[in-house]
Amino acid sequence: MANQRMTGAEIVIKALVDQGVDVIFGYPGGAVLPIYDALFQQDKVRHILVRHEQGAMHAAEGYARSTGKVGVVLVTSGPGATNCVTGLTDALMDSIPVVCLTGQVPTHLIGNDAFQEADTVGITRPCTKHNYLVKDSNDIARIIHEAFHVARSGRPGPVVVDLPKNVVVNQGTYQTPAQSRTKKYNPQVKADIARVEQAVELLAGAKRPIIYAGGGVINAGPAASQLLASFAKLTGYPVTLTLMGLGAFPASDPQFLGMLGMHGTLEANYAMHGCDVMLCLGARFDDRVTGRLDAFSPGSKKIHVDIDVSSINKNVRVDLPVVGDAAYVLEDMIKVWKSRQYRADEAALKAWWATIDGWRKRDSLRYQPSKDIIKPQYALQRLFAAIKGRDDVFISTEVGQHQMWAAQFIGFEKPNHWLTSGGLGTMGYGLPAAMGAQVANPKALCIDVAGEASILMNIQEMSTIAQYRLPVKVFILNNQYMGMVRQWQEFFFGGRYSESYMDSLPDFVKLAEAFGAVGLRATKPEDVDGLVKEMLDCPKAVIADVMVDKTENCYPMIPAGAAHNEIKLGPEGGVTSSVNDEGMVLV
Amino acid sequence: MSNPVNERRHTIAVLVDNEPGVLARVIGLFSGRGYNIDSLTVAEVSAEKTQSRITVVTRGTPMVIEQIKAQLGRLVPVHKVSDLTIEGPHVERELALLKVAGTGEKRVEALRIADVFRARAVDSTTASFVFEVTGTSDKVDALISLMMPLGLVDVSRTGVVAIARGPKPL
Ligand SMILES: Cc1cc2nc3c(=O)[nH]c(=O)nc-3n(C[C@H](O)[C@H](O)[C@H](O)COP(=O)(O)OP(=O)(O)OC[C@H]3O[C@@H](n4cnc5c(N)ncnc54)[C@H](O)[C@@H]3O)c2cc1C
Ligand SMILES: Cc1ncc(C[n+]2csc(CCOP(=O)(O)OP(=O)(O)O)c2C)c(N)n1
Ligand SMILES: [Mg+2]
């Protein structure tokens with residue numbers, strides 16, 4: 001079996017098969033024709049033909065996030081590769097494992113400005129975890145195996161393998177994953193036990209503790225989320241999640257305070273501000289979470305569990321760094337807590353929960369309901385009511401207000417069911433991501449909660465969805481504005497709505513029909529339940545155009561550069577007042 | 001974030017796989033994240049030519065320096081990152097070639113100063129010298145400033161190479 005001679009293209013396919021790949025997302029072109037030819041002659045790897053390479057990248061991200069596996073993309077040289085740059089950057093920011101195979105001009109033409117040549121490794125170096133240019137057919141297998149290893153180990157991320165055409169045409173020797181095993185990249189997963197013991201001791205002594213968990217818990221696999229639930233049960237401590245962490249702790253659990261950060265709940269942000277011990281688990285103190293750094297949780301001792309040393313002490317100085325995988329660390333923390341028979345300080349914890357419940361009572365997600373116009377929050381509440389209790393639902397989003405409302409109003413009980421672009425905030429992410437999730441989970445219900453502006457950024461993927469008969473649902477909260485932009489213009493730019501009105505929108509119902517999908521529309525609050533039911537009952541792809549309040553704003557909001565306790569719950573008091581010049585330069 | 005008051009100069013040694021693009025990765029990391037590079041040197045150091053050693057001199061607050069080391073450490077081809085400035089005593093050297101053009105009194109003075117600095121003349125014409133000097137960056141700086149009024153027309157410096165004192169390898 002080993003040491004077989006075959007063409008480079010055949011080696012590529014065999015390497016994918018040996019990595020357990022069953023589906024790839026791609027788009028052909030001159031430089032990858034040999035690989036497409038090899039694909040044609042086999043039936044182990046299924047190819048999904050997207051309509052734009054950016055769609056392939058986000059589909060692979062959706063596939064990866066919804067399965068925990070590595071997503072795979074195959075594109076041609078030049079424009080095929082450059083069209084992947086946004087998706088690669090997105091995957092890098094959100095720690096999503098993707099291997100992207102790009103075609104390249106033959107090695108002897110590299111550097112000659114040959115037809116469809118781009119310096120792919122140069123262009124993608126800063127937006128990948130690692131990248132490779134393969135120069136010899138004998139190296140293909142080893143490099144592809146290494147690429148998968150790098151993509152999924154440690155902090156996951158995107159890896160590019162650039163394959164010149166002559167390298168995939170020429171013959172080479174195949175190497176199995178075992179033969180290619182590398183000592184090169186082996187991040188530490190198990191943490192220093194002394195650190196873990198210190199962390200648990202600190203936590204056990206807490207009077208006002210908080211667990212702040214993020215996407216790293218999801219990266220660590222479903223077991224990590226279960227361990228997080230056990231640790232929370234054991235201690236009785238409150239838990240908040242980042243946008244990327246949603247699903248890592250059950251939303252229905254009474255110990256869950258909701259999402260924190262710029263559009264997080266009052267109780268989550270106040271608890272972060274007022275805590276005395278913070279356990280940060282696989283989250284990276286993003287500026288959307290911390291607000292003004294010098295006012296961030298000023299009185300707390302901070303423990304930071306992260307697999308990537310560079311995430312620690314990047315934005316916020318912590319007292320106790322613990323480097324390791326969230327699942328391993330949680331397991332050890334539980335062991336230590338139990339073996340040392342720690343008990344939470346009952347009286348202090350009771351008082352802390354009483355304070356938190358006081359904040360909760362202010363119901364920071366409340367909004368002004370309406371009988372005449374559909375409030376976006378209402379539409380999502382009705383959608384959530386219809387899917388609640390099902391465990392086969394995947395929700396993706398585009399970027400904007402609708403994304404924040406989806407995060408606030410849809411509860412996730414399990415990890416890997418929420419797909420959103422957090423770090424890069426890529427409009428156009430949601431539709432291909434839902435498509436990727438649907439490919440990976442054919443029986444599941446995959447819904448893209450969209451804005452009417454974002455959805456147009458990768459709308460072409462409706463054609464892919466038609467071709468593969470993927471019953472993806474697109475739930476557009478159509479406010480006819482780039483709502484998030486309009487909101488900032490209202491608050492910070494005197495209501496001058498410069499270029500944020502979405503003029504000349506398509507008729508989304510007809511657009512759905514043009515793509516062979518079903519189009520639905522709701523314009524009145526009483527239409528919403530019917531629309532949701534029809535959408536969920538429909539065996540085909542659906543675009544649901546929900547005409548919502550055009551000028552609704554997303555609250556709570558901590559304006560950029562403000563502190564957690566300067567959170568605004570609604571129009572009363574105004575948001576503008578708390579923003580100073582320093583805040584105005586922030587995004 | 002960068003507060004010049006507690007910024008400090010650090011010399012960092014990095015052992016990397018000797019593969020194409022590794023230097024671009026390191027330099028791209030510094031430019032992309034806005035870190036300073038005072039100097040950077042690189043050359044193969046293993047007999048099998050599989051590894052190179054990069055010496056980078058940078059400046060930053062303790063938090064920035066910690067980030068720089070962590071960011072270097074997570075590059076896939078990087079094997080080892082060592083902050084020589086904080087990990088104990090080390091030796092730093094730099095080599096420079098100085099071209100001094102001139103005649104008469106200034107020429108004699110240039111030779112005299114070179115001698116004080118133990119700089120060797122490695123090329124001479126009737127109208128010029130090329131001096132080779134080795135030492136700390138401060139020493140090289142000092143020689144350059146003394147040669148300036150004596151007809152210094154060209155300087156080529158290697159940047160700092162450094163190694164820890166004592167028996168232990170990197
Ligand atoms: C319009 C908009 C508004 C936003 N508003 C908010 C907001 O209000 N609140 C909010 O929270 N976010 C918000 N975000 C998202 C925000 O920008 C960040 O993407 C997000 O906060 C980062 O989440 P995270 O800290 O969980 O880190 P991630 O980006 O998920 O990073 C994961 C961290 O875990 C570590 N890690 C990875 N694997 C493991 C492992 N196995 N074990 C341990 N650690 C691991 C990584 O090294 C990294 O440090 C918003 C985004 C947009 C587009
Ligand atoms: C590719 C890209 N371009 C620009 C932006 C900046 N941006 C963030 S939200 C937003 C508006 C999104 O509008 P819409 O999709 O209608 O969502 P809404 O906020 O109205 O819910 C824009 C332009 C972005 N995030 N991504
Ligand atoms: Mg909109």
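Residues numbered from 1 in each chain as written. Chains lettered and ligands numbered in written order. Predicted model: local features only at pLDDT ≥ 70, side-chain atom pairs only at ≥ 80, totals over all residues. Heavy atoms only, no water.

Novice: What is the right way to read the interface of chain B and chain A from this model?
Specialist: Quoted interface sizes are often the accessible area lost when the parts come together. Contacts between the two partners involve 14 residues from chain B, matched on the other side by 17 residues from chain A. The junction of chain B with chain A conceals about 1400 Å² of combined surface from both sides, 51% of it contributed by carbon and sulfur atoms. Per-residue buried area on chain B facing chain A is highest for Arg-25, Met-63 and Val-76 of chain B; these three make up 43% of the total on that side. In this structure, the connection of chain B to chain A is made through two salt bridges. Between Asp-308 of chain A and Arg-74 of chain B there is a salt bridge whose closest N-O contact spans 2.9 Å. Summed over the shared surface of chain B and chain A, the number is six residue pairs in polar contact (both at pLDDT 80 or more). Those elements that place two or more of their residues in the side of chain B that touches chain A are α1 (22-32) and α2 (62-73) of chain B. If you tally residues by element for the side of chain B that touches chain A, the top one is α2 of chain B, at five residues. (Contact = heavy atoms within 4.5 Å. Buried area = accessible area lost by both parts, 1.4 Å probe. Salt bridge = Lys/Arg side-chain N within 4 Å of Asp/Glu carboxyl O. Polar contact = N/O pair within 3.5 Å; in protein donor to acceptor, adjacent residues only side chain to side chain. Helix = DSSP H or I, 4+ residues; strand = E, 2+ residues; numbered from the N terminus.)

Novice: I tried to follow the sheet that holds strand β4 (residues 71-75) of chain A on my own but got confused; where do I start?
Specialist: Within a sheet, each strand pairs with its neighbour through backbone hydrogen bonds, oriented either parallel or antiparallel. Residue and element names in this part refer to chain A. One open sheet accounts for six strands, arranged β3-β2-β4-β5-β7-β6; its pairing is parallel. Every interior strand has two partners, whereas the edge strands, β3 (46-49) and β6 (130-133), have only one. The mean angle between the axes of side-by-side strands here comes to 20°, regardless of whether they run parallel or antiparallel. One ladder, built from four bridges, connects β6 with strand β7 (residues 158-164); its direction is parallel. Across the sheet, residue His-130 finds its bridge partner in β7, namely Val-159. Across the sheet, helix α2 (residues 33-40) touches β2 (23-26), β3, β4 and β7, and the angle it forms with β4 is around 125°. (Pairing = 2+ DSSP bridges. Axes fitted to C-alpha atoms, helices over the stretch in contact; angles between N-to-C directions.)

Novice: Hey, could you run me through a nonpolar patch on the surface in this one?
Specialist: A grouping of Leu-95, Leu-97 and Val-122 of chain B is seen on the molecular surface, where their side chains present a nonpolar patch of about 200 Å² in accessible area. Relative to the elements of secondary structure, Val-122 of chain B occurs in strand β6 (residues 120-125). (Patch = residues over 30% accessible without salt bridge, like charges linked within 9 Å, V, L, I, M, F, W, Y side chains within 5 Å. Areas by Shrake-Rupley, 256 points an atom, 1.4 Å probe, with all protein chains shown as cover.)

Novice: What exactly am I supposed to notice about the state of the cysteines here?
Specialist: What makes a disulfide is a covalent bond joining the sulfur atoms belonging to two cysteines. Residue and element names in this part refer to chain A. In the structure shown here, the tally under the stated rule is zero disulfides over all chains. Cys-280 carries a free sulfur, and the closest cysteine sulfur to it, the one in Cys-275, is 11 Å from it. There is no disulfide at Cys-446, and the cysteine sulfur nearest it, in Cys-538, is 14 Å away. (Disulfide = S-S within 2.5 Å.)

Novice: Just to check I follow, could you spell out the pairing of strand β12 (residues 277-281) of chain A for this structure?
Specialist: Put simply, side chains in a regular strand alternate between the two faces of the sheet. Residues and elements named next belong to chain A. Extensive coverage of β12 is indicated by the burial of five of its five residues. On β12, burial covers both faces: Val-277, Leu-279 and Leu-281 on one face and Met-278 and Cys-280 on the other are all buried. As paired strands, strand β9 (residues 209-213) and β12 are joined by five bridges and run parallel to one another. Bridge pairing in β12 places Tyr-212 opposite Cys-280. (Buried < 20%, exposed > 50% of the residue type's maximum accessible area, 1.4 Å probe, protein only.)

Novice: Where do I start with the coordination of the magnesium ion (ligand 3) in this structure?
Specialist: Ideal values for angles at a metal depend on the geometry: 109.5 degrees with four tetrahedral donors, 90 or 180 degrees with six octahedral donors. All names here are of chain A. Protein coordination of the magnesium ion (ligand 3) is provided by Glu-452 (OE), Glu-452 (OE), Asn-479 (OD1) and Tyr-481 (O), with donor distances spanning 2.1 to 2.6 Å. Between consecutive donors of the magnesium ion (ligand 3), the numbers of intervening residues give the motif E-x26-N-x1-Y. Of this pair, Glu-452 sits in helix α19 (residues 452-455) while Asn-479 sits in the loop between β18 (473-478) and α21 (483-492), and the two are 27 residues apart along the sequence. You'll find Glu-452 and Asn-479 in the same group, each marked buried. (Donors = N, O, S within 2.8 Å, 3.2 Å for Na, K, Ca; no water.)

Novice: Even after reading the chapter, I still don't get the domain arrangement of chain B, so can you show me in this structure?
Specialist: All names here are of chain B. Here the domain parsing of chain B yields domain 1 (8-83) and domain 2 (90-162). When each unit is reduced to the centre of its C-alpha atoms, the spacing between domain 1 and domain 2 is 29 Å. Opposite the eight residues of domain 1 that make contact, domain 2 presents eight residues. Across the contact surface, domain 1 and domain 2 share one salt bridge. Glu-92 is paired through a salt bridge with Arg-9; the nearest N and O atoms lie 3.1 Å apart. Counting every contact that joins domain 1 to domain 2 gives five residue pairs in polar contact (both at pLDDT 80 or more). (Domains from an automatic or database assignment.)

Novice: Help me out: how do you make sense of the site of ligand 2 in this one?
Specialist: Residues and elements named next belong to chain A. Taken together, the neighbourhood of ligand 2 is formed by 17 residues, with Gln-401, His-402, Gly-425, Ser-454 and Gly-483 sitting nearest. A distance of 2.8 Å separates an oxygen atom of ligand 2 from a polar backbone atom of Gln-401. The separation between an oxygen atom of ligand 2 and a polar main-chain atom of Met-484 is 2.9 Å. In the complex, 76% of the free accessible area of ligand 2, which totals 590 Å², lies under the protein chains. Breaking the shell around ligand 2 down by element, the ones donating at least two residues are α17 (401-409), α19 and α21. By residue class, the composition of the shell around ligand 2 is eight nonpolar, eight polar and one charged. (Near = heavy atom within 4 Å. Nonpolar A, V, L, I, M, F, W, Y, C, P; charged D, E, K, R; others polar.)

Novice: Any chance you could explain the confidence of the model for chain B here in plain terms?
Specialist: As a note on interpretation, predicted positions should not be read in detail where pLDDT is low. Averaged over every residue, the pLDDT of chain B is 95; residues scoring 70 or more account for 98%. Scored by ipTM, the complex comes to 0.92, with pTM at 0.97. (pLDDT = per-residue confidence, 0-100.)

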